[in-house]
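# Summary of the model geometry
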2 protein chains.
Amino acid sequence: MTLPPTPQPATGSVIAAYDSPTMHVAGLLGTEITATDPDRAIIEPWAASMRGPILDVGSGTGRWTGHLASMGYQIFGLEPSGRLIEHARTRYPAVDFRQGSIADLAGDASRWSGILAWYSVIHLGPDELPEALMILRSGLSAGGSLLMSFFAGPRIAAFQHPVATAYRWPTATMLQLVTAAGFAVQTHRTAQTNVHAYISAVASPARH
Amino acid sequence: MTLPPTPQPATGSVIAAYDSPTMHVAGLLGTEITATDPDRAIIEPWAASMRGPILDVGSGTGRWTGHLASMGYQIFGLEPSGRLIEHARTRYPAVDFRQGSIADLAGDASRWSGILAWYSVIHLGPDELPEALMILRSGLSAGGSLLMSFFAGPRIAAFQHPVATAYRWPTATMLQLVTAAGFAVQTHRTAQTNVHAYISAVASPARH
């Protein structure tokens, strides 16, 4: 793959956040896939249906790359943060991780059977995501498949992700963008996760 | 503290799930508080307002106990799972963790300035939670404070938590239960967390 050394300016601050030594990023993202990880039921059957090499875009700590490699799939990791690449190579030394971003795939001749983008496009805003999806499309072989996840919401909105600003997208909007980028959507699902609440309360005088 | 050796039957299956050697529980729960953990903004000011010892009920891997102890607070961990107690003691050897459940506090003479129950009551159903809250109330000194978190939802409902069955509660219902147990609610907040979505899409034939 062609890997230009300088990331795009907009992406640079996100990479810097993940690269920051004060960010306990491995603890935040996790380095392992646990036995009960609910995403396994989505990712593993998808990987099983691939007939050629898979690219894990934004592979982070390498947890999914390493997990799928351990299951026997031919998979490579691509990750712009040098610090995360180091984490991934240390934890999964037999897996091939390359430093680079989605933009770096634009001029690349490789054609993948599958591209996994698991919460990898969350930091891309409305100015960046449509093009990123087209680049991902161009990196797939004919009939190749993209499996991507994102944060859904009632409207496009930036929010403070623990590491760097991220975006929510209405699922319908994301489906339109994916289709416009040259994909035929196979399945999609939007799942309400837990709503977190807390209460602080002072002990009232005991009643007799 | 008085710590009966046998947990209650209903709680037993939850403890067994956390104790299971096939459950990668430390990876699931985390053993550290990261620099960007949003719960720090809730828990740290609360801890700072305590004037005496704090009990971390359901201390799990000891992450909050150890974090608050490292900040200089006098804090003890109480956790029914022996496996989690081992994790906590290994990671935070200078902190005092004791094996036991909320029920074990019922006959205990200790009176705490603060009780932290951070997602510790999530596995207690409608038959168990009201009594557990009353036991927590009885464990506080006059003016002592409870800080608890839970999963909110439109109605009381069981759901499959990664480790064991957990329950959602309407915030209004939880506020009533807390008040009925002898507390005056100071603050509460219910926050919508991220809605997770995914799409799988096949590359359409290239358009020319």
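Residues numbered from 1 in each chain as written. Chains lettered and ligands numbered in written order. Predicted model: local features only at pLDDT ≥ 70, side-chain atom pairs only at ≥ 80, totals over all residues. Heavy atoms only, no water.

What follows is about the overall build of chain A. From N to C terminus, chain A includes seven helices and nine strands. For chain A, with 208 residues in total, the buried portion stands at 53%. Contacts in chain A between residues at least 24 apart in sequence constitute 65% of all its contacts with a sequence separation of at least 6. By element, 55% of the accessible surface of chain A is carried by carbon and sulfur atoms, the whole surface being about 9300 Å². (Helix = DSSP H or I, 4+ residues; strand = E, 2+ residues; numbered from the N terminus. Buried < 20%, exposed > 50% of the residue type's maximum accessible area, 1.4 Å probe, protein only. Contact = heavy atoms within 4.5 Å. Areas by Shrake-Rupley, 256 points an atom, 1.4 Å probe, with all protein chains shown as cover.)

Right, let's get into the pattern of salt bridges. According to the stated counting rule, one finds eight salt bridges over all chains in the structure shown. For R40 of chain A, the salt bridge is made with E44 of chain A, and the minimal N-O distance between the two is 2.6 Å. Of this pair, R40 of chain A and E44 of chain A both sit in helix α3 (residues 40-48), four residues apart, which is roughly one turn of the helix. Here D37 of chain B makes a salt bridge to R63 of chain B, at a shortest N to O gap of 3.6 Å. Within this pair, whereas D37 of chain B is found in the loop between α2 (25-29) and α3 (40-48), its partner R63 of chain B is found in helix α4 (residues 63-70), the two being separated by 26 residues in sequence. For D37 of chain B, a relative accessible area of 13% puts it in the buried group. (Salt bridge = Lys/Arg side-chain N within 4 Å of Asp/Glu carboxyl O.)

A separate point is the relation of the copies chain A and chain B. In summary, the two copies of the chain are related to each other by a rotation about an axis coupled with a shift along it. The two copies are related by a screw motion: chain A maps onto chain B through a turn of 180° and a shift of 0.0 Å along the axis, at an RMSD of 0.1 Å. Those values place the two copies in the arrangement expected of a two-fold rotation axis. When C-alpha distances to the rotation axis are compared across chain A, the minimum falls at T193 of chain A, with a value of 3.6 Å. Interface overlap between copies: 100% of the residues of chain A at the interface are likewise at the interface in chain B, consistent with a symmetric, same-surface contact. (Least-squares fit on C-alpha atoms with pLDDT ≥ 70 in both.)

The next thing to look at is the environment of L175 of chain A. Mapping L175 of chain A onto the fold places it in helix α7 (residues 171-180). Take L175 of chain A: its relative accessible area is 18%, and that puts it in the buried class. Separated by 10 residues in sequence, L175 of chain A and V185 of chain A place their C-alpha atoms 7.4 Å apart. The residues contacting L175 of chain A, other than those within four sequence positions of it, are V185 and H188 of chain A together with I199 of chain B.

To continue, consider the packing of helix α6 (residues 129-138) of chain B against helix α7 (residues 171-180) of chain B. Describing two packed helices takes the angle between their axes plus the distance from one axis to the other. Residues and elements named next belong to chain B. Between α6 and α7, the least distance of the axes is 9 Å, while the angle of their chain directions is 45°. The pairing of α6 with α7 is recorded here as oblique in orientation. Between α6 and α7 the crossing geometry is right-handed. Where α6 approaches α7, its residues L129, P130 and L133 are matched on the opposing element by M174, L177 and V178. Looking at the contact of α6 with α7, its residues break down into six nonpolar, no polar and no charged. (Axes fitted to C-alpha atoms, helices over the stretch in contact; angles between N-to-C directions. Parallel < 35°, antiparallel > 145°, perpendicular 65-115°, else oblique. Left-handed = near helix turned anticlockwise from the far one by under 90°. Nonpolar A, V, L, I, M, F, W, Y, C, P; charged D, E, K, R; others polar.)

On to unusual backbone geometry. Located in the positive-phi region is Y119 of chain A, a residue other than glycine, with phi close to 55°. Its location among the elements puts Y119 of chain A in the loop between β4 (112-118) and α6 (129-138).

Among all positions of α7 of chain B, only T171, M174, L175, L177 and V178 of chain B are buried. Summarising the axial view, the buried residues of α7 of chain B lie within an arc of 165°, below the 170-degree limit, and thus occupy one face. Looking at the buried residues of α7 of chain B, the elements they touch are β9 (195-203) of chain A together with α6, β5 (140-152), β7 (165-169) and β8 (183-191) of chain B. (Arc of directions from axis to C-beta.)

Take the side chain of D56 of chain A next. All names here are of chain A. Checked against the element boundaries, D56 lands in strand β1 (residues 54-57). Although buried, D56 forms no salt bridge, and the nearest oppositely charged side chain, R63, lies 8.9 Å from it. Within the structure, D56 has its side chain in polar contact with the side chain of T65 (distance 2.6 Å). Each residue touching D56, except ones within four places of it in the same chain, is listed here: W64, T65, I75, F76, G77, L78 and L116. (Lys, Arg positive; Asp, Glu negative; His and termini not counted. Polar contact = N/O pair within 3.5 Å; in protein donor to acceptor, adjacent residues only side chain to side chain.)

All right, on to the interface of chain A and chain B then. The partner chain B presents 60 residues to the 60 residues of chain A that form the contact. Of all residues in chain A, the largest losses of buried area upon contact with chain B belong to H196, Y198 and I199 of chain A, amounting jointly to 16% of the total for that side. Linking chain A to chain B there are zero salt bridges. Here chain A is connected to chain B by six residue pairs in polar contact (both at pLDDT 80 or more). Taken together, the elements giving at least two residues each to the side of chain A that touches chain B come down to α2 (25-29), β5 (140-152), α7, β8 (183-191) and β9 of chain A. Sort the elements by how many residues they give to the side of chain A that touches chain B and β5 of chain A lands first, with 12 residues. Its residues placed into classes, the side of chain A that touches chain B shows 33 nonpolar, 22 polar and five charged. (Buried area = accessible area lost by both parts, 1.4 Å probe.)

With that settled, the discussion passes to helix α5 (residues 82-91) of chain B. Residues and elements named next belong to chain B. Those residues of α5 lying buried are G82, L84, I85 and A88. Angular distribution of buried residues about the axis of α5 spans 155°; they occupy a single face of the element. For α5, the exposed residues lying more than 90 degrees away from the buried face are E86 and T90.

Let us now look at the pairing of strand β7 (residues 165-169) of chain A. Residue and element names in this part refer to chain A. Sheet topology note: the β5/β7 ladder contains two bridges and is parallel. Within β7, the position partnered with A152 by the bridge is W169. Alignment of strand β6 (residues 157-160) against β7, held across four bridges, turns out to be antiparallel. Pairing of A158 across the sheet is with Y167, part of β7. (Pairing = 2+ DSSP bridges.)

Next up on the list: the confidence of the model for chain A. Overall, the prediction assigns chain A a mean pLDDT of 86, with 89% of residues at 70 or greater. Confidence drops under a pLDDT of 50 for residues 1-10 of chain A, and excluding neighbours within four residues, the segment shows 18 contacts in the predicted structure. (pLDDT = per-residue confidence, 0-100.)

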